[in-house]
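Here is how the chains run, residue by residue.
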Amino acid sequence: MIEVKHLTKRYGARTAVEDLNFTVDSGAVYGFLGPNGAGKSTTMNILTGCLAASEGQVTIDGYDIFEQPVQAKRRVGYLPEQPPLYMGMTAREYLTFVARAKGVKTADLERQLDEAITVTGIADVADRLIRNLSKGYRQRVGIAQALLGDPAVIILDEPTVGLDPLQIVEIRELIRSLGKDHTVILSSHILSEVQTVCDRILMIHQGRLVASGTARELEERFAGKVTYRLTVKGGSLDAREALEAVSGVTEVSAQVTGDRTELVVTASDTSPDMDERLSFALSDRRIPVLRLEREQASLEDVFLALAGESEGESAPQKNRKGGKAV
Amino acid sequence: MSAIYERELDSQLNGLTGYVYGALMLLFGGIYVMAYHLEGAADFTYVLYSMTFIYLIGTPLLTMRSIAEERHQKTDQLLYSLPMSMTKIVLGKYLALVTVMLMPIAVLALYPLVVNSLASAGAIPLKAAYGALVGFIFLGMALTAIGLFISSLMENVGLAAGSCFIVMLLLYFLTSLTGYIPDSAAASLIAFAVAAALFGLILWRLTRHGVFALVFTLLLEAALGVCYWLFQSDFSGLFADVVRQLAVFDRFNSFSYDIFDITALVYYASVTAVFLFLTVQAMERRRWAE
């Protein structure tokens, strides 16, 4: 559906996106995840033909966005970070304008308008001036606008930013329902959002793609590692030695508070009997264990780890299997 | 393109500025027609000649919002993502502006007929009147293209209006201003050298390529030096002559002498084409934004 090859965008001396490569297949919701300033908006602007790339190629359904922009853009509906709405028009007038500007045939216009209005649930406000609509409704009008012209791909840049919690839930539901018969790409800096809404995740950091896959796949990349949090009585030295001696433990850090010690243990062995081995190691040395807790790696960890990794490395590869310890 | 045209027209007609321009046009049209005919000079071309100054205010009023407002409201993003060439978008906007510009002029066009139907003597020669009206419209179209270009460079509507007004003012008084340029060949050379340096500066701003702009400017200055060395005598008064060519308003003068000046029409059409082209380029350049 969408193919991005060696995409690079420089703003003067600053590189916003560097050598980005990925493919988007039809019929799924893709999430572009990255901290602010990671290059998400830049990438989306390039995908939709709003911005020229310094290097690289973007094809949509086989049409190059730079060489055949009109054909490529027909296949894409785009909602920029700030919805491009004309405040002085009613929602219906605005949508009619966009549909006509996108070249929707007159015979098809009413049907498409009704569909976009129904799907996004703005029928009640369609005849009010956009100026007087709430932010949530404006966002919906923006999404309706992207749906016009029957594009196969819908690209939404930070669609839930600035909305209240209820509106966020509604917009997310809307996006999920759009994913049924469109390819949707959305960007977000909120991990939980991408996790709940998207089928596949593209993690981007400092203009580079650091990982891609389903939420599960990405979590599994961290499955080779497990973290324990322990509290023991007494000084840190003994406990530390004892834990480090356990096979499978890769890293131990300790912090003493009063007569107790807080320990964080990272182990490469993820089998359940690791819990026992740790506690036995401590009881062998007669160190009282006050707390022992196993922590599951979350997508958050994956993201932070990958973000950290890519800062130290010059060329991280996509789809690298097996995360390494932080 | 028709969608862009209609939306632009709609936004112009929903705003106040188009009406202010129209009111000015009709008000001064009425005043001049009456004044000239009370004096007995039954010539509509004088009326139009006197009225060119309305474009000074009218052009900024009409064009200031067209693109600057889109940038300000970030609706230009929509334009960039439309499956439509930028040329069509710019043309759609331009034609809408010209339509608004023509609305009061269409009413103005009735004045000679009205006067002729009322006057027993001293009828207006219609051929000259409508010939001049064509020139007047072409002048307006060229100025609108210049205004649209200025609007495409700005993000602030007020700034667009101000800059456009200053440019219009300069163009209006250009011929009088050239009187202050010394006639000597050396003065011309210096003026050209400064103009070339300014051009280099603009080139640098547009391309952000320092070496290229510098080399180009140096080549330009060198060529200028060689020309001066070869044809020194031709340089006297040359700069003023060149500047006078840019005096868009003054091209209309011949119409007021009852001459249907085809070259002036071609000149206006060229100015229009050049500035529409520049507007498209200015819009396209933003895709490469800094």
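In this text, all values refer to a predicted model and were calculated from it rather than measured experimentally.

Thresholds applied
- For every chain, the first residue of the written sequence is number 1, and numbering continues from 1 along that sequence.
- For naming, the first written chain is A and the first written ligand is 1, with later ones following in the order written.
- Residue-level local features of this predicted model are given only where pLDDT is at least 70; pairs of side-chain atoms are given and counted only at 80 or more, and the full residue set underlies all totals for whole chains, interfaces and linings.
- No hydrogens and no water enter the side-chain calculation; it runs on all heavy atoms of the structure.
- Any two strands between which DSSP finds at least two bridges are classified as paired.
- In this description a helix means any DSSP run of H or I spanning at least four residues, a strand means any run of E spanning at least two, and both kinds are numbered starting from the N terminus.
- Note on geometry: axes are lines fitted to C-alpha atoms, helical ones only across the stretch in contact, with angles between N-to-C directions running from 0 to 180 degrees.
- Whether two residues touch is decided by their heavy atoms; if any such pair falls within 4.5 Å, the residues are in contact.
- Throughout, the accessible surface (probe 1.4 Å) given up by two parts as they are put together, summed over both, is called the buried area.
- One speaks of a salt bridge when a side-chain nitrogen belonging to Lys or Arg is within 4 Å of a carboxyl oxygen belonging to Asp or Glu.
- Relative accessible area decides the class of each residue, using a 1.4 Å probe on protein chains only: under 20% of the type maximum gives buried, over 50% gives exposed, and in between gives partly exposed.
- Oblique is the label for any angle not covered by the other classes, which are roughly parallel (under 35 degrees), roughly antiparallel (over 145) and roughly perpendicular (65 to 115).
- We call a crossing left-handed when the near helix sits turned anticlockwise from the far one by less than a right angle, and right-handed when that turn is clockwise.
- Note that Gly is not counted as nonpolar here; it falls among the polar residues with everything else outside the nonpolar set of Ala, Val, Leu, Ile, Met, Phe, Trp, Tyr, Cys and Pro and the charged set of Asp, Glu, Lys and Arg.

Asks: Help me understand the sheet that holds strand β12 (residues 249–257) of chain A, please; the structure alone is not making it clear to me.
Replies: By way of backbone hydrogen bonds, the strands of a sheet pair with one another, either parallel or antiparallel. Residue and element names in this part refer to chain A. If you walk across this open sheet you meet the four strands as β12-β13-β11-β14, and the pairing is antiparallel. Bordering the open sheet on either side are β12 and β14 (289–295), each of which pairs with just one other strand. Each adjacent strand pair in this sheet contributes to an overall mean axis angle of 15 degrees, direction not counted. In this sheet, strand β13 (residues 260–267) lies alongside β12 in antiparallel orientation, the contact comprising eight bridges. Considered in β13, the bridge of T257 is made with R260. Running over the sheet, helix α9 (residues 236–245) touches β11 (226–233), β12 and β13 and is turned about 165 degrees from β12.

Asks: I would appreciate a short explanation of the interface of chain A and chain B in the present structure.
Replies: How big an interface is tends to be stated in terms of accessible area lost as the parts join. Each side of the interface is counted separately: chain A has 26 residues, and chain B has 23 residues. Both sides together, the interface formed by chain A and chain B hides about 2200 Å², and carbon and sulfur atoms give 62% of it. Per-residue buried area on chain A facing chain B is highest for K73(A), Y86(A) and R100(A); these three make up 25% of the total on that side. Between the two partners, chain A and chain B, sit one salt bridge.

Asks: Any chance you could explain unusual backbone geometry here in plain terms?
Replies: Phi at D19(A) is positive, roughly 45 degrees, even though this residue is not glycine. Position of D19(A) relative to the elements: it lies in strand β2 (residues 14–24). Relative accessible area serves as the criterion here: at 41%, D19(A) is assigned to the partly exposed category. Non-glycine residue D258(B) carries a positive phi angle of around 65 degrees. Assessed through its relative accessible area of 42%, D258(B) is described here as partly exposed.

Asks: Where do I start with the pairing of strand β4 (residues 55–60) of chain A in this structure?
Replies: Residues and elements named next belong to chain A. Looking at chain direction, strand β1 (residues 2–11) and β4 are connected through five bridges and run antiparallel. Bridge pairing in β4 places E3 opposite T59. Summarising the sheet, β4 and strand β5 (residues 63–64) pair through two bridges and their orientation is antiparallel. Paired with T59 across the bridge in β5 is D64. Between β4 and the antiparallel strand that follows it, β5, lie two residues; D61 among them carries a positive phi value of about 55 degrees.

Asks: Even after reading the chapter, I still don't get the packing of helix α4 (residues 54–73) of chain B against helix α6 (residues 86–108) of chain B, so can you show me in this structure?
Replies: A pair of packed helices can be characterised by two numbers: the angle between their axes and the separation between those axes. All names here are of chain B. Viewed as axis vectors pointing N to C, α4 and α6 meet at an angle of 150 degrees, and their least axial separation amounts to 11 Å. Here α4 is positioned roughly antiparallel relative to α6, judged by the angle of their axes. Classified by chirality, the crossing of α6 by α4 is right-handed. Contact with α4, carried on its side by Y55, L62, T63, S66, I67 and E70, involves K93, L97, V100, M101 and I105 of α6 and no other residues of that element. Of the residues belonging to the contact of α4 with α6, the class tally is seven nonpolar, two polar and two charged.

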